[in-house]
Amino acid sequence: MESSFRETHKNLSDLNSFLALRPNSKKFILLDTNTYTHCLPVLIEEVEELYGAEILEVEEGEGSKSLSIIDNLSSAMIESSADRDSILISLGGGVITDLGGFLASVFKRGIQHISIPTTVLGMVDASIGGKTAVNVGEIKNQIGTFNHNTLVYLHKEFLETLDKRQVLNGIAEIIKISIVKDELLWQEIRESNPNKDERFYNEFLEKSISLKEDIVRQDPNEENERKILNFGHTLGHAIESITLSKGLDVLHGEAVASGIYYAIKLSEQKLSFPKDKAKDIYDYLTQHYKIVDLKEYKDLILNYLAADKKNINGEFRFVLLEDIGKPSINFIITKEEILNL
Ligand SMILES: NC(=O)c1ccc[n+]([C@@H]2O[C@H](COP(=O)([O-])OP(=O)(O)OC[C@H]3O[C@@H](n4cnc5c(N)ncnc54)[C@H](O)[C@@H]3O)[C@@H](O)[C@H]2O)c1
């Protein structure tokens, strides 16, 4: 299989043409309980080549990103006579595209994967750039692959059934990429209400996709430039893992909003990030997200940070900002600096 960066296709009819050229490949659609109801009927109507595809359904939610689910799905595919020409189509949010991307990259040493994101977060972030993963217990994304053979198809109409909280969840990643890469976009976002402004579904969403694609195109395997996208995610992932372990209801983007908040605090302390711009970011984040108080989790936060994939020799590595659009990677942060946040 050829392995190079693939841009998001903007039209589901392209998918129909792609599948029409592969009439003998067995097609599987991986989805969760919600996308089965809300998105599958639309997909089958738009892509007639998928009529009769095998359905693989998992429970909605982060709990499905696990090796035991990979085991169940692999057994189901073998029972349905899947072979190396089979095509796996992931229809869902980041949970489903991460899970399906991983399954397709290891099943019979790799089959074609197609990602159809149905959440804002999936469209602007999880489906772009080939990262796949499952969790180990409640520790996020510990087993995964880069699967650059994934083809991505965008159909924004899927967002019509997504609830407001899930939309805001994805907007956290739009905020992140604007702060890291595009000050003009951030200024527009800062003056807009994410609960009302249609640009979040249009210009802002599309701009975020192209910003992420530009970064991944330059550094597909995250050796350098791509690391800037981890801004807000070091503490964000630790917060997500802690809240998951405690059975608290905190979504990925909500944890990332808190991660951005604290990464800006560290950027003020370590890199003299401008105070007025920091205040704008704190104001916007606290207005739209509940910022987790790290002091509540003092005993746990260091343990979860210790599992971060960016750590080297046991040191925590953060992406911090000198200014909006000026990230600095591999910044060493001590345990004391974390505990003082
Ligand atoms: N691979 C990457 O680069 C990357 C990047 C960011 C996040 N992620 C991963 O993405 C996951 C989070 O993704 P998410 O926020 O999309 O979560 P998700 O996949 O759990 O979807 C959120 C909820 O929305 C429901 N849903 C999805 N589409 C719907 C629709 N159109 N209408 C109604 N309901 C719908 C889902 O069933 C679920 O209940 C996390 O596991 C995170 O680690 C991966």
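Residues numbered from 1 in each chain as written. Predicted model: local features only at pLDDT ≥ 70, side-chain atom pairs only at ≥ 80, totals over all residues. Heavy atoms only, no water.

Caption draft 1: Summary view of the overall build of the protein. A tally of regular secondary structure across the protein gives 14 helices and 9 strands. The C-alpha radius of gyration of the protein comes to 20 Å, within 12% of the 20 Å expected for a compact globule of 341 residues. With the C-alpha coordinates of the protein rotated into their principal frame, the extents come out at 60 × 40 × 35 Å. For the protein, the residues scored as buried account for 57% of the 341 residues in total. Per element, the accessible surface of the protein, about 14,900 Å² overall, is 46% carbon and sulfur. Averaging the positions of the 38 positive and the 54 negative side-chain charges in the protein gives two centres separated by 5 Å. (Helix = DSSP H or I, 4+ residues; strand = E, 2+ residues; numbered from the N terminus. Rg over C-alpha atoms; globule rule 2.2 N^0.38 Å. Buried < 20%, exposed > 50% of the residue type's maximum accessible area, 1.4 Å probe, protein only. Areas by Shrake-Rupley, 256 points an atom, 1.4 Å probe, with all protein chains shown as cover. Lys, Arg positive; Asp, Glu negative; His and termini not counted. Charge placed at Lys NZ, Arg CZ, Asp CG, Glu CD.)

Caption draft 2: Quick look at the nonpolar core. Within the largest apolar cluster, 66 residues are counted, with the highest numbers of intra-cluster contacts made by Ile-264 and Ile-301. The dominant element in this core, judged by the number of residues it contributes, is helix 11 (residues 252-271), at 10 residues. The two domains that each donate at least three residues to this core are domain 1 (12-161) and domain 2 (164-339). Residues in contact with Ile-264, not counting those within four places in the same chain, are Ile-179, Phe-231, Phe-273, Ala-278, Ile-281, Tyr-282 and Leu-321. The next biggest cluster of nonpolar side chains, apart from the first, holds 20 residues, and it includes Leu-19, Leu-43, Val-47 and Phe-158. (Core = buried A, V, L, I, M, F, W, Y, C linked by side-chain atoms within 4.5 Å. Domains from an automatic or database assignment. Contact = heavy atoms within 4.5 Å.)

Caption draft 3: Representation of empty space enclosed by the protein in the model. This model, assessed by the stated rule, comprises 4 cavities of 30 Å³ or more. Here the second largest cavity is characterised by a volume of approximately 80 Å³. Thr-97, Asp-98, Gly-101, His-113, Ser-115, Ala-126, Ser-127, Gly-130, Lys-131, Thr-132, Asn-147 and Thr-150 are the residues that line the second largest cavity. Elements with a contribution of two residues or more to the lining of the second largest cavity: helix 5 (94-106), strand 4 (112-117) and strand 5 (131-136). The element contributing the most residues to the lining of the second largest cavity is helix 5, with 3 residues. Of the residues in the lining of the second largest cavity, the class split is 1 nonpolar, 9 polar and 2 charged. (1 Å grid on protein atoms, 1.4 Å probe; cavity = no way out; pocket = protein on both sides within 12 Å on 5 of 7 lines; lining within 4 Å. Points joined across faces, edges and corners; volume = space filled by probe spheres on them. Nonpolar A, V, L, I, M, F, W, Y, C, P; charged D, E, K, R; others polar.)

Caption draft 4: Geometry of the environment of Tyr-282. For Tyr-282, the location among the structural elements is in helix 12 (residues 275-288). Each C-alpha atom, one on Tyr-282 and one on Ser-258, is 9.7 Å from the other, the two residues being 24 residues apart in sequence. When near neighbours in sequence (up to four residues on either side) are disregarded, Tyr-282 contacts Tyr-261, Ile-264, Lys-265 and Glu-268.

Caption draft 5: Quick look at the packing of aromatic side chains. In total, this model carries 4 aromatic pairs according to the counting rule given. Taking 4.9 Å as the distance between ring centres and 85 degrees as the angle between the ring planes, the aromatic pair formed by Phe-200 and Phe-204 counts as edge-to-face. Note on accessibility: Phe-200 and Phe-204 belong to one class, buried. Seen from their ring centres, Tyr-261 and Tyr-282 are 4.8 Å apart, and the 50 degrees between their planes marks the pair as tilted. Taken together, the positions of Tyr-261 in helix 11 and Tyr-282 in helix 12 put the pair 21 residues apart, joining distant regions of the chain. This pair shows no difference in class: Tyr-261 is buried, exactly as Tyr-282 is. Over the face of the ring belonging to Phe-18 we find Arg-22, whose NZ or CZ atom lies 3.6 Å from the ring centre. One residue, Lys-265, lies across the ring of Tyr-282, its end atom 4.4 Å from the ring centre. (Phe/Tyr/Trp six-rings, centres within 6.5 Å; stacked < 30°, edge-to-face > 60°. Lys NZ or Arg CZ within 6 Å of the ring centre and 35° of its normal.)

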